[in-house]
Amino acid sequence: MEYCPVKYPDQFNQAISKNKAIHIYYSQAIPLITYIDESCLYLKEKKCRICEAVCKNNAIDFNQTAEKVEIKAGAIVLAPGFEPFDPRLREDYGYGKFANVVTSMDYERLLCATGPYEGEVLRSSDLKHPHKIAWIQCVGSRQVTPGGSSYCSAVCCTYTQKQVILTKDHDAAAECAVFHNDIRSYGKDFERFYQRAESLPGVRFIRSYVSVVRENPETKSVTIRYATTADGVKEEEFDMVVLSVGLNPPADFKDLADKFKIELNGHGFCQTDPVNPVETSRPGIFISGAFQGPVDIPESVFSASGAGSRCGELLTARRGDLARERVYPPERDASGEEPRIGVFVCHCGANIGRIVNVPEAVEYCKTLPNVVHAQEQLFSCATNCAGEITDMIKEKGLNRVIVAACSPRTLEALFRDTLREAGLNQYYYEMANIREHCSWVHPKEKEEATRKAKDLIRMSVARSRHLEPLMEIELPVNKAALVVGGGIAGMTCALSIAGQGHEVHLVEKETELGGTARRIHDTLEGLDVQAYLRDLIKKVYRHPLIHVYTGAAISDAAGYVGNFVTVVRSEGRVFEIKHGATVIAVGADIYTPAEYLYGEDERVMTHLDLEERIAKGDAKVTNAASVVMIQCVGCRNEDRNYCSRICCSESIKNALKLKAINPGTDVYILFRDIRTYGYNEDYYREAAGKEVRFIRYEPHDPPLVEAVAEGGKSILKVTATDYVLGKKLELDADIIALAAAIIPAAGARELENLFKVGLNPDGFFKEAHVKLRPVEFAAEGVYLCGIAHYPKLIKETVSQAYGAAGRVLTLLSSDTVTASGSICAVDENKCISCGACIAACKYGAIEFRETPLGRKAAVNPVLCKGDGLCNAKCPTGAIQLKHFTDDEILSQIDAALLEEESAERDQAVV
Amino acid sequence: MNIKVPAVTGMERAKERHAKSLAGANFGDVLVAGGGISGIQASLDLANAGFKVYLVEKGPAIGGHMAQLDKTFPTNDCSM
Amino acid sequence: MDTEAPIREVIEEIKESGGDAVKYCYQCGKCDSVCPWNRVINFSMRKLIREATFGFPEIDREEVWRCTTCGKCPQQCPRDVKQIEDMVALRRIANAYGVTPAFLKPVRSASASLAAEGNPFGEERAKRADWAEGLSVKPFTEGMEILYFPCCFLSYDGQLKKVAQATAGILNQAGVDFGILGAGESCCGESIRKTGHEALFKQLARENIKSFIDHGVKKILVSSPHCYHAFKNDYAGFKVNFEVVHISQYLGELINEGRLKISKEYHKKVTYHDPCYLGRHNGIYDAPRGVLKRIPGLELQEMEESRENSLCCGMGGGRIWIDTKMSDRFSNLRIKEAGGLGAEVLVTACPYCLTALEDSRLGLNYEDVIQVKEITEIIQEVIR
């Protein structure tokens, strides 16, 4: 790499910085190997070959040719992703012309520690920090102008908010302006995120699209012009302009479709089944991720699991035939050895290294007792660094390993695996978090941060001396699943699991299956939901492996991953179900409005009521001369600080239905932001085309609904301010439909306790990880799908249900699960049989047992989850959590105090 | 290309023979095209559920667009 | 704040008059951010559209008549709201209601003259060919190569006749077998149509079409982009299709074919102003530049606002007849932009632009800084 004479715009860094023709794609790349790209002089002009000559390993072979490999497969998953919109295609944004107009992908790299300026946000024109930055939303999206896309790209509003927050992290004084037309924070926890961004000082959200006017020839700053309703058009200069570019189909979509003989939709994305976004037009070929259209990461992830489950249904008969077991080297017994500690201090690109003096920390480690090796690493999590750790364990005979890097939450598992690869018990691994706990929170105090990093490492060293090897237990897996909730989510999930040969117990609290979908008659795409539901219910009842319990309640749930025991009461019977996996798909409820005369005037109804009455052909509704719909009733407020996601689409669907029945009906939709994300934007425009009139209101000035007596009749009047007109509009309404919030299911709290799962602040079930584990709970073996997770459209529910099934199968297709070695154990000599620990344990893992020393507390190792609650209650310290013993923790605390004392001593000497 | 597998389970020998006949010839259960977050997740799930997966990526490394992101919303977790 | 209820009848009327697309507006404000009016005064197309959506158009106010139909906002509108058609619809309604505010007086007299004499100036139809006196320009007869259609402004306007004359001279020099219709020619009707006088437009169009057919016209050469637009796009509604060529295109053809030889150099810094109706409305950007680039010595510089992004002169959409305060004219900005670039000549290819830019040049006292010329005037100088 050093010798390569070519300097070529680095593609990973959006061509902002340069790289060599031979290079590593990025420092955490997998596989982490150098490769030669198309800029190579030899490949282009048959010149150079310097790298070939200098490579000592003769690893470079210019004679390599493309190899054709034929792979036979039973199923195919296409996950080609998306292509960011290229604003060069449209001159009006100044991209490619003005140096300081960048795309959001460019900006993402600028923010990143591995980016072109190592995490410094700089302007390419003068390498100075921009202080005043504008974001322009909907670049390439929500437009019927040639070259643009008519759909909403669904992710840009929120990624822009993220970039604003991160910009303020980089430079607290930065001035940020976001120019938009509707903020679409429709996802789980997005509304709070939006508020967080909006409330930062110096941040403005301005409702206007803009034009990029000119570049200042001297300063290279960019002037943009925007419209306000109060003061007309304004011009403002910004140091940098970020274009929030949308998501286009993958570049080679036509070729891909031809090759795989699948159909595309009008936008160039994959034409999927209307209710199942992972299903293509061709059997056996599934898709996942953004090839279905613009989606965010969680949807990409669960659609991937869903595609996996669909493949599994197809290929279940040969599951395991070609699989190979992973083999680790035999474990070395290091229990008798003197601790030999190795410390690896990670730069995390610049995340840590820019603040903490890593070389100094490494030198410091070498002074600590029992440390026989210390070194720095750029990214400890990169494959080459993990390899280095394995090598060092063997070379230096290490029997304790500390990685001083980030939070154990994501990477502890990886490093434990590294130890196993080196033949060391994985519980000899210890992690010091010098990123979240140090460099990220002390970006301005470099010296102190370095001292704190040393403290943290010293504490880890002290603890690691006491670490003991622990054994993990293999537990058998019961091959059945329990699905709680018989709506579309639960039924779809049950069918997919059963379709892969597993017994499923489907529990529904109502006397009929169907859930919320029973009240839904069509989708925007025109699917007959009731027919679909009937078919689904039929399939569920007919499936020999699915046992349905209706009118059922769960009275008790015990057990653990792979071995749950749940007590169900149904139709007067009470029985126990044994199952290996649990899926929570209990759906959600609809808010009963207290606003806008709901419950007082029968002409005021919810959007779902309206849908039902349209479906029934209720003349009061279908003959109405004027229908007014009010959005955001009961949410996006202090009581329920979230967006119910589906209501904009629901109201537009009803509006289109009404217009189809009677084009003369006046339909008004009063909204705060229209959130027809993705393809539904097309229906928003269609509704506008059918003369549905949209009127925006502000939360501080909501519409006024009154029943007024006029000419002996009672007339509903709705008055709302229109900000563009600068007038109040008065609308007569025959029907008012309220977009009532979707609220958590009534029984959610109860299930939370029964299954030891969590709820988010809004009361919806909380997944293990928003992005990466969207369909499972932190409690192992318990999964989640449908609107119990968060309000969503039917197709999203179906995709998530398959996703949950896919995750369930990764569990049920194994014969055993591994339980952590970090569990509690009782020192019978110290136990005084008080039972405090038994009362504290949420898992029922402790019981009294007769021992030669008398009645003593004993821990059932498979039930213990290692939360340590019992430890705190035990008056004698008899019960201890392995891997977090008093010795281990106290030595760590002592080590923290040690340095403070010596620092004080140092000061005294001075 | 939908390969039909003998439906009679429990015929261990047939199964073994079948597995052997497939093992040599670049035979996988599933081909996943695209190594972004979605392709990776699909591959991991399928492999963990007992299938042999070929993951094909056109670029020099897996990770896709997500690898280029700094943090992810709404938790601002590191993308890597 | 006023409270009003939507007025259904007016909404229907706007729809029937061609303003149906207002319903698509999602009020993003893009139109306001690109509108040239907002460079000089406060003006909101977004508000006009919103008013139309609920049936509250204020048709007696000048706002409705401001749109110069430059095409900038419809070009960028994400919802395809068709602002030009919408504004024309409102003007049609205003005419139907007989709304007559003082600022529309010149439009009224122009339309009366157009109806009577086929030109907006109150001039006699019989004098339409007077500009060609002594230039050996023949009346058009069937079988001639091309019909030259100079437009009302080049036929009657004292300042602009020279352009028609230069064009005739060039055509003769190139040996083109061309003719004119003289009194058989009427105004193309493009601009009066934009003021909402649809019936008058149709009358003028029928007169021209009849004249073209009677004379066996196949190919028409125009000097005005407005005529070009009318013949090419508006007349297509009458199910006729003539080959139309703009002088900037035709000059290029003549040079390429070797019929027109450039014999002199032109040592000046020149910049080109794209007329809205040639550029944005009809996509002709390269032809005039191609001609200028063929002239040796000529140094062509581009203004920041060029091609698709060109700034309107302010005269389209019937504004040619409505008085715009000197300080509110877009053409002032244009003259300053061209002057700022160091150009000695500002070239264009539209009689309206020419008029507006020349007015601004004089009004701003830029006489010594820059000249305003039509493209044929330069060609005329370099071919003799």
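Residues numbered from 1 in each chain as written. Chains lettered and ligands numbered in written order. Predicted model: local features only at pLDDT ≥ 70, side-chain atom pairs only at ≥ 80, totals over all residues. Heavy atoms only, no water.

**Q** What is the right way to look at unusual backbone geometry in this model?
**A** Peptide bonds are mostly trans, and most non-glycine residues show a negative phi. Looking along the chain, the bond that leaves Ile-30 of chain A and enters Pro-31 of chain A is cis, with omega of -5°. You can see Pro-31 of chain A is positioned in the loop between strand E3 (22-24) and strand E4 (34-36). For the bond running from Phe-73 of chain B to Pro-74 of chain B, omega is -10°, close enough to zero to count as cis. Following the sequence through the fold, Pro-74 of chain B ends up in the loop between strand E3 (71-72) and strand E4 (77-78). One non-glycine residue, Asp-189 of chain A, adopts positive backbone phi at about 70°. Judged by its relative accessible area of 25%, Asp-189 of chain A falls in the partly exposed class. Its identity is not glycine, yet Arg-636 of chain A carries a phi of approximately 55°, on the positive side. Relative to the assigned elements, Arg-636 of chain A resides in the loop between strand E31 (626-633) and helix H17 (647-661). (Helix = DSSP H or I, 4+ residues; strand = E, 2+ residues; numbered from the N terminus. Buried < 20%, exposed > 50% of the residue type's maximum accessible area, 1.4 Å probe, protein only.)

**Q** Before we go on, may I ask you to explain the pattern of salt bridges in this structure?
**A** Opposite charge on two side chains allows them to pair when their charged atoms are near. Residue and element names in this part refer to chain A. Inspection of every chain in the model, using the stated rule, returns 95 salt bridges over all chains. The closest approach of N and O atoms between Lys-132 and Glu-236, which form a salt bridge, is 3.0 Å. Pair noted here: Lys-132 is in strand E8 (residues 132-139) and Glu-236 is in strand E13 (residues 232-238), with a separation of 104 residues, a long-range link. Like Glu-236, Lys-132 is buried. A salt bridge links Arg-435 to Glu-436; the nearest nitrogen and oxygen atoms lie 3.1 Å apart. Arg-435 gets classed as buried once you look at its relative accessible area, which sits at 6%. (Salt bridge = Lys/Arg side-chain N within 4 Å of Asp/Glu carboxyl O.)

**Q** Looking at this structure, how should I read the arrangement of the chains?
**A** Interchain contacts are distributed over 2 pairs of chains, and the most extensive set of them lies between chains A and B. With respect to C-alpha atoms, chain B approaches chain C no nearer than 26 Å, and the pair has no contact. (Contact = heavy atoms within 4.5 Å.)

**Q** Even after reading the chapter, I still don't get the interface of chain C and chain A, so can you show me in this structure?
**A** Often, the extent of an interface is quoted as the loss of accessible area upon association of its parts. Every contact between the two is made by 37 residues of chain C and, on the other side, 45 residues of chain A. For the pair chain C and chain A, the summed buried surface comes to about 3,700 Å²; carbon and sulfur atoms form 51% of the total. If you look at where chain C meets chain A, you find 5 salt bridges. The partner of Glu-691 of chain A in a salt bridge is Lys-15 of chain C, with the nearest N and O atoms 2.8 Å apart. Our count for the chain C to chain A interface comes out at 20 residue pairs in polar contact (both at pLDDT 80 or more). (Buried area = accessible area lost by both parts, 1.4 Å probe. Polar contact = N/O pair within 3.5 Å; in protein donor to acceptor, adjacent residues only side chain to side chain.)

**Q** Just to check I follow, could you spell out the nonpolar core for this structure?
**A** Note that soluble globular proteins tend to have their nonpolar side chains buried in a common cluster. In this structure, Phe-694 of chain A together with Phe-212, Phe-231 and Tyr-235 of chain C are the most contacted members of the largest nonpolar core, which totals 151 residues. Ranked by the residues each element gives to this core, the list is headed by helix H11 (residues 198-215) of chain C, at 6 residues. If sequence neighbours within four positions are ignored, Phe-694 of chain A has contacts with Ile-652, Ile-669, Phe-671, Ile-674, Tyr-684, Ala-687 and Ala-688 of chain A together with Gln-27 and Arg-50 of chain C. Judged by nonpolar contacts, the second largest core, of 64 residues, contains Leu-536, Ala-819, Leu-863 and Cys-864 of chain A. (Core = buried A, V, L, I, M, F, W, Y, C linked by side-chain atoms within 4.5 Å.)

**Q** Help me out: how do you make sense of the pairing of strand E5 (residues 75-78) of chain A in this one?
**A** Consecutive residues of a regular strand have side chains that alternate between opposite faces of the sheet. Burial along E5 of chain A is two-sided: the residues Ala-75 and Val-77 of chain A and Ile-76 and Leu-78 of chain A are all buried. Here E5 of chain A runs beside strand E1 (residues 30-33) of chain B; their pairing, made up of 4 bridges, is parallel. Of the residues in E1 of chain B, the one forming a bridge with Ala-75 of chain A is Val-30 of chain B. Bridge count between E5 of chain A and strand E16 (residues 285-287) of chain A: 3 bridges; the pairing is parallel. Note on E16 of chain A: the bridge partner recorded for Val-77 of chain A is Phe-286 of chain A. (Pairing = 2+ DSSP bridges.)

**Q** How should I be thinking about the sheet that holds strand E11 (residues 210-215) of chain A in this particular structure?
**A** Hydrogen bonds along the backbone pair up the strands of a sheet, which may run parallel or antiparallel. Residues and elements named next belong to chain A. Pairing within the open sheet is antiparallel, and its 3 strands lie in the order E11-E12-E13. For this open sheet the edge positions go to E11 and E13, each flanked by a neighbour on one side alone. Ignoring strand direction, the axes of neighbouring strands in this sheet form an average angle of 25°. Two strands pair when backbone bridges link them, and E11 and strand E12 (residues 222-228) are joined in this way by 5 bridges, in the antiparallel orientation. Within E12, the position partnered with Val-212 by the bridge is Ile-224. (Axes fitted to C-alpha atoms, helices over the stretch in contact; angles between N-to-C directions.)

**Q** Explain the packing of aromatic side chains here, please?
**A** Working definition: an aromatic ring pair is given by the centre-to-centre distance plus the angle between the planes. All names here are of chain C. Evaluation of the coordinates by the stated rule reveals 40 aromatic pairs over all chains. Here the aromatic rings of Tyr-235 and Phe-238 are separated by 6.2 Å at their centres, their planes lie at 85°, and the arrangement is edge-to-face. Owing to a relative accessible area of 0%, Tyr-235 belongs among the buried residues under this scheme. Take Phe-238: its relative accessible area is 24%, and that puts it in the partly exposed class. (Phe/Tyr/Trp six-rings, centres within 6.5 Å; stacked < 30°, edge-to-face > 60°.)

**Q** It is not clear to me how the domain arrangement of chain C should be interpreted in this structure. Could you clarify?
**A** Residue and element names in this part refer to chain C. Splitting chain C by domain gives domain 1 (7-96), domain 2 (104-253) and domain 3 (262-382). Here domain 2 and domain 3 have C-alpha centroids that lie 22 Å from each other. Facing 33 residues of domain 2, the contacting portion of domain 3 comprises 27 residues. Between domain 2 and domain 3 lies a buried interface of about 2,500 Å² when both sides are counted; carbon and sulfur atoms form 75% of it. Its largest share of buried area at the contact with domain 3, domain 2 owes to Phe-153, Pro-225 and His-226, together 20% of the area lost on that side. Scanning the region where domain 2 abuts domain 3 turns up 0 salt bridges. (Domains from an automatic or database assignment.)

**Q** What is the right way to look at the packing of H17 of chain A against helix H18 (residues 680-689) of chain A in this model?
**A** Any two packed helices are characterised by the angle at which their axes cross and by the distance between the axes. Residues and elements named next belong to chain A. The N-to-C vectors of H17 and H18 enclose an angle of 40°; their axes lie 10 Å apart at closest approach. Taken together, H17 and H18 sit at an angle that is classed as oblique. Along this stretch, H17 crosses H18, giving a crossing that reads as left-handed. In this structure, H17 uses Ser-649, Ile-652 and Leu-656 to contact H18, whose residues at the interface are Asn-680, Tyr-683, Tyr-684, Glu-686 and Ala-687. Of the residues that constitute the contact of H17 with H18, the class distribution is 5 nonpolar, 2 polar and 1 charged. (Parallel < 35°, antiparallel > 145°, perpendicular 65-115°, else oblique. Left-handed = near helix turned anticlockwise from the far one by under 90°. Nonpolar A, V, L, I, M, F, W, Y, C, P; charged D, E, K, R; others polar.)

**Q** Can you walk me through the interface of chain A and chain B in this structure?
**A** Contact with chain A, which involves 74 residues of that partner, is made by 50 residues of chain B. Contact between chain A and chain B buries roughly 5,500 Å² in total, counting both sides, with carbon and sulfur atoms accounting for 63%. When the buried area of chain A at its contact with chain B is split by residue, Lys-72, Arg-318 and Leu-322 of chain A rank highest and sum to 13% of it. Viewed at the interface, chain B and chain A are joined by 2 salt bridges. Between Arg-807 of chain A and Asp-45 of chain B there is a salt bridge whose closest N-O contact spans 2.3 Å. Between chain A and chain B we count 23 residue pairs in polar contact (both at pLDDT 80 or more) in total. Elements with a minimum of two residues in the side of chain A that touches chain B: E5, strand E6 (83-84), helix H3 (104-111), helix H4 (156-170), helix H5 (190-199), helix H7 (297-315) and helix H20 (794-812) of chain A. The leading source of residues in the side of chain A that touches chain B is H7 of chain A, at 10 residues. Its residues assigned to classes, the side of chain A that touches chain B comprises 40 nonpolar, 17 polar and 17 charged.

**Q** Whenever I open this one, the sheet that holds strand E9 (residues 345-348) of chain C confuses me. Can you help?
**A** All names here are of chain C. What the 4 strands build is an open sheet, ordered E8-E7-E9-E10; its pairing is parallel. Strands with a single pairing partner mark the edges of an open sheet, and in this sheet they are strand E8 (299-301) and strand E10 (371-374). If you compare each strand with its neighbour and ignore which way they point, the axes differ by 35° on average. Pairing geometry for strand E7 (residues 269-272) and E9, over 3 bridges, is parallel.

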